[in-house]
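Given next are the chains, with one letter for each unit.
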Amino acid sequence: MKTIPGLLWALAALLLAAGPAMAQSESPKPYAPVIDGKTLDPPHTSVTFTIRHIVAPVAGRFDQKAGTIDIPAQNPAQGHVAFTVKTASVDTGVAARDKHLSTPEFLDSAAYPEMRFTSERISPAGKGIYKVTGKLTIKDVTRQVVIPLHSLGSKPNPMMPCVDASGYEAHVSLNRLDYHVGTGKYSKMGAIGDTVDIHLAGETLAPRPGCVKPAQQ
């Protein structure tokens with residue numbers, strides 16, 4: 001039978017052997033922004049929504065999302081917009097409610113892990129506004145929707161030399177029952193509304209033409 005000191009040395013050796021592997025598996029991946037002028041920067045992109053609960057709106061968001069916005073200013077018709085959202089990443093601030101929303105009664109995240117939007121047509125609709133027509137898929141339903149997309153302009157990114165950030169946002173209202181998100185049971189009870197107001201906002205990063213990065217000190 002090992003003595004207490006012997007056990008301590010054995011435990012220390014085990015921890016030292018496992019330490020590097022544990023540190024490697026637990027360390028988060030470094031943030032590496034894509035600087036191509038069209039890929040939405042995840043930390044600076046949001047998908048939020050509100051829906052009525054009895055009398056007041058309740059807000060939520062989806063934490064895992066990705067997308068591209070590529071609209072040439074001189075020829076918007078050649079542009080492309082795409083977006084995906086992981087349904088299991090829904091967050092309303094109440095864990096039990098989020099779990100319920102992921103069940104087959106609502107988003108059914110196990111069977112339908114993603115919502116998707118892909119543009120089919122883009123046309124100017126005013127200064128800095130584009131009418132983006134495309135297919136939205138939620139659960140087992142795909143429908144054509146028109147989303148007004150607002151360009152918020154571009155500015156130099158103060159944290160990244162020779163990189164410009166361009167901003168976009170869009171609002172769209174959907175009837176969740178059109179996409180089989182719910183059966184209407186809670187609507188009849190007066191507990192939850194059918195209309196979901198969705199707000200998307202995000203930034204893309206692009207290299208600034210002709211910019212020379214300052215020499216490293």
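Model, not experiment: these values are computed from the prediction.

With that settled, consider the overall build of the chain. Looking only at helices and strands, the chain has three helices and ten strands in total. Beginning at the N terminus, the succession of helices and strands in the chain can be written as α-β-β-β-β-β-α-β-β-β-β-α-β. When the 217 residues of the chain are sorted by exposure, 33% land in the buried category. If you take every contact in the chain between residues at least 6 apart in sequence, the share linking residues at least 24 apart comes to 55%. In the structure as shown, the chain presents an accessible area of about 13700 Å², 61% of it carried by carbon and sulfur atoms.

As a further point, take the packing of aromatic side chains. Scanning the model with the defined rule gives two aromatic pairs in all. Centroid distance Phe 49 to Phe 62: 5.5 Å. Interplanar angle 40°. Geometry classified as tilted. Linking Phe 49 in strand 1 (residues 46–53) with Phe 62 in strand 2 (residues 56–62), this pair joins segments that are 13 residues apart in sequence. Grouping residues by exposure puts Phe 49 and Phe 62 together as buried. Aromatic pair Phe 106 and Tyr 186: ring centres 5.9 Å apart, planes at 20°, arrangement stacked. Note that Phe 106 is positioned in the loop between helix 2 (95–101) and strand 6 (114–124) and Tyr 186 in helix 3 (residues 185–189), a separation of 80 residues in sequence. The exposure classification of Phe 106 matches that of Tyr 186, with both residues buried. Arg 143 extends its terminal NZ or CZ atom over the ring of Tyr 179, reaching a point 5.9 Å from the ring centre.

This model, assessed by the stated rule, comprises seven salt bridges. Lys 185 is the partner of Glu 105 in a salt bridge, and the nearest nitrogen-oxygen pair spans 3.3 Å. Here the residue Glu 105 occupies a position in the loop between helix 2 and strand 6, and Lys 185 occupies one in helix 3, the gap between them amounting to 80 residues. By relative accessible area, Lys 185 is classed as partly exposed at 42%. Of the charged contacts in the structure, one is a salt bridge between Asp 164 and Arg 208, with a shortest N-O distance of 2.7 Å. Taken together, the positions of Asp 164 in strand 9 (residues 163–175) and Arg 208 in the segment after strand 10 (192–207) put the pair 44 residues apart, joining distant regions of the chain. Looking at Arg 208, the relative accessible area reads 27%, which means it is partly exposed. Shared partners join several salt bridges into a network, and the residues in it are Arg 61, Asp 63 and Asp 91.

With that settled, consider the confidence of the model for the chain. With 86% of its residues at a pLDDT of at least 70, the chain reaches an overall mean of 89. The model gives residues 4–23 a pLDDT under 50, and that stretch makes two contacts with residues more than four places away or in other chains.

Another aspect to go through is the sheet that holds strand 4 (residues 80–86). In space, the ten strands of this open sheet follow the order 3-4-6-7-8-9-10-1-2-5, with antiparallel pairing throughout. Taken across any chain shown, the strands that pair with only one partner, and hence form the sheet edges, are strand 3 (65–70) and strand 5 (90–91).

Moving on: the state of the cysteines. Scanning all chains against the criterion turns up one disulfide. Note on cysteine connectivity: Cys 162 is disulfide-linked to Cys 211, with sulfurs 2.0 Å apart. In this structure, the disulfide formed by Cys 162 and Cys 211 twists by about -70° around the S-S bond and is classed as left-handed. With Cys 162 in the loop between strand 8 (141–156) and strand 9 and Cys 211 in the segment after strand 10, the pair connects residues that are 49 residues apart, well separated along the chain. By relative accessible area, which is 9% here, Cys 162 ends up buried. You can call Cys 211 partly exposed: its relative accessible area is 31%.

Cut-off values and rules
- Residues numbered from 1 in each chain as written.
- Predicted model: local features only at pLDDT ≥ 70, side-chain atom pairs only at ≥ 80, totals over all residues.
- Heavy atoms only, no water.
- Helix = DSSP H or I, 4+ residues; strand = E, 2+ residues; numbered from the N terminus.
- Buried < 20%, exposed > 50% of the residue type's maximum accessible area, 1.4 Å probe, protein only.
- Contact = heavy atoms within 4.5 Å.
- Areas by Shrake-Rupley, 256 points an atom, 1.4 Å probe, with all protein chains shown as cover.
- Phe/Tyr/Trp six-rings, centres within 6.5 Å; stacked < 30°, edge-to-face > 60°.
- Lys NZ or Arg CZ within 6 Å of the ring centre and 35° of its normal.
- Salt bridge = Lys/Arg side-chain N within 4 Å of Asp/Glu carboxyl O.
- pLDDT = per-residue confidence, 0-100.
- Pairing = 2+ DSSP bridges.
- Disulfide = S-S within 2.5 Å.

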